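Now for the letters of each chain:
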Amino acid sequence: MENEAPVPRVGVVVYLLKGNAVLLGRRLSSHGHSTFALPGGHLEFGESFEECAAREVKEETGLNIDKIEFLTVTNNVFPTNQSHYVTIFMRAVPIDPSQQPQNLEPDKCSGWDWYEWNNLPEPLFDPLEKMIKGGFNPFPTTCQ
């Protein structure tokens, strides 16, 4: 069993939007350490993408979210640490836009903040950076 190939995992991350800003936190894990990333985590058995998105955002930031919807999926292989993630990207908005995010997992993230889409911090977590450089925009194209 020791020489089994790594198994892909499913991650769900959330573009949490407020006005023209997106919520990002600075990672503290060994993979992507000190890069800015979206809130999210692993899909649990039997969980829908929407349920996972709401749970992960609540666990990490204390925020309740609404208007949760699927955006896209990516296939990310990280050879250096032998990991492979199928990542589900969701979009949502905070139920209470005046509520401030809390850092509820300080061992995984140094804190959360809102960043204007046209002025994102650097460095971004590699999968997020590739999406943005590829022209991806999480904001709705129609007025809401």
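Refer to the structure above for everything that follows.
So, how was this worked out
Residues numbered from 1 in each chain as written. Predicted model: local features only at pLDDT ≥ 70, side-chain atom pairs only at ≥ 80, totals over all residues. Heavy atoms only, no water. Phe/Tyr/Trp six-rings, centres within 6.5 Å; stacked < 30°, edge-to-face > 60°. Helix = DSSP H or I, 4+ residues; strand = E, 2+ residues; numbered from the N terminus. Buried < 20%, exposed > 50% of the residue type's maximum accessible area, 1.4 Å probe, protein only. Polar contact = N/O pair within 3.5 Å; in protein donor to acceptor, adjacent residues only side chain to side chain. Contact = heavy atoms within 4.5 Å. Salt bridge = Lys/Arg side-chain N within 4 Å of Asp/Glu carboxyl O. Pairing = 2+ DSSP bridges. Arc of directions from axis to C-beta.

Caption draft 1: Examining the packing of aromatic side chains more closely. This model, assessed by the stated rule, comprises six aromatic pairs. Both rings, one in Tyr15 and one in Phe89, keep their centres 5.9 Å apart while their planes meet at 35 degrees; by these two values the pair is tilted. Within this pair, whereas Tyr15 is found in strand β1 (residues 9–18), its partner Phe89 is found in strand β6 (residues 83–94), the two being separated by 74 residues in sequence. For Tyr15, a relative accessible area of 0% translates into the label buried. With relative accessibility at 3%, the residue Phe89 sits in the buried group. Consider the rings of Tyr15 and Trp117, whose centres lie 6.2 Å apart with planes at 65 degrees: the pair is edge-to-face. Of this pair, Tyr15 sits in strand β1 while Trp117 sits in the loop between β7 (109–116) and α2 (126–133), placing them 102 residues apart in sequence. For Trp117, a relative accessible area of 18% translates into the label buried. Through a chain of ring-to-ring contacts, three or more aromatic side chains come together here, namely Tyr15, Phe89, Trp117, Phe136 and Phe139.

Caption draft 2: Inspection of unusual backbone geometry at higher detail. With omega at 0 degrees, the peptide bond leading from Glu122 into Pro123 counts as cis. With respect to the element layout, Pro123 can be found in the loop between β7 and α2. The residue Lys67 is not glycine, and still its phi comes out positive at about 55 degrees. Mapped onto the fold, Lys67 is located in strand β5 (residues 65–78). Residue Lys67 is classed as exposed on the basis of its relative accessible area, which comes to 53%.

Caption draft 3: Focus on the side chain of Arg91. As for its position among the elements, Arg91 is in strand β6. Classification of Arg91 as buried rests on a relative accessible area of 13%. Of the polar contacts made by the side chain of Arg91, one reaches the backbone oxygen of Pro138; its length is 2.5 Å. With sequence-adjacent residues up to four places away left out, Arg91 is seen in contact with Tyr15, Leu17, Lys67, Ile68, Glu69, Leu71, Pro138, Phe139 and Pro140.

Caption draft 4: Just the pattern of salt bridges, in detail. Summed over the entire model, instances satisfying the criterion amount to seven salt bridges. Arg55 is paired through a salt bridge with Glu59; the nearest N and O atoms lie 3.3 Å apart. With a gap of four residues between them, Arg55 and Glu59 both fall in helix α1 (residues 49–61), about one helical turn apart. Residue classification places Glu59 among the partly exposed residues on the basis of a relative accessible area of 33%. One salt-bridge network, in which partners are shared between bridges, spans Glu44, Glu47, Arg55, Glu56 and Glu59.

Caption draft 5: Here's a closer look at the pairing of β5. Judged from the 11 bridges that link them, β5 and β6 form a sheet pairing that is antiparallel. Residue pairing in the sheet places Asp66 in a bridge with Val93 of β6. The turn joining β5 and β6, which pair antiparallel and follow one another in sequence, is formed by four residues; a positive phi near 55 degrees is taken by Gln82.

Caption draft 6: Geometry of α2. Residues Pro127, Leu128 and Met131 constitute the buried set of α2. The buried side chains of α2 occupy one side of the element, clustering within an arc of 100 degrees when seen end-on. Turned more than 90 degrees away from the buried face of α2, the exposed residues are Lys130 and Lys133. The inward-facing, buried residues of α2 abut β1, β2 (21–27), β3 (36–37), β5 and β6. Where α2 ends, the next residue or the one after it, Gly135, has phi of about 95 degrees, a positive value.

No statement about biological role is implied by the geometric values presented.
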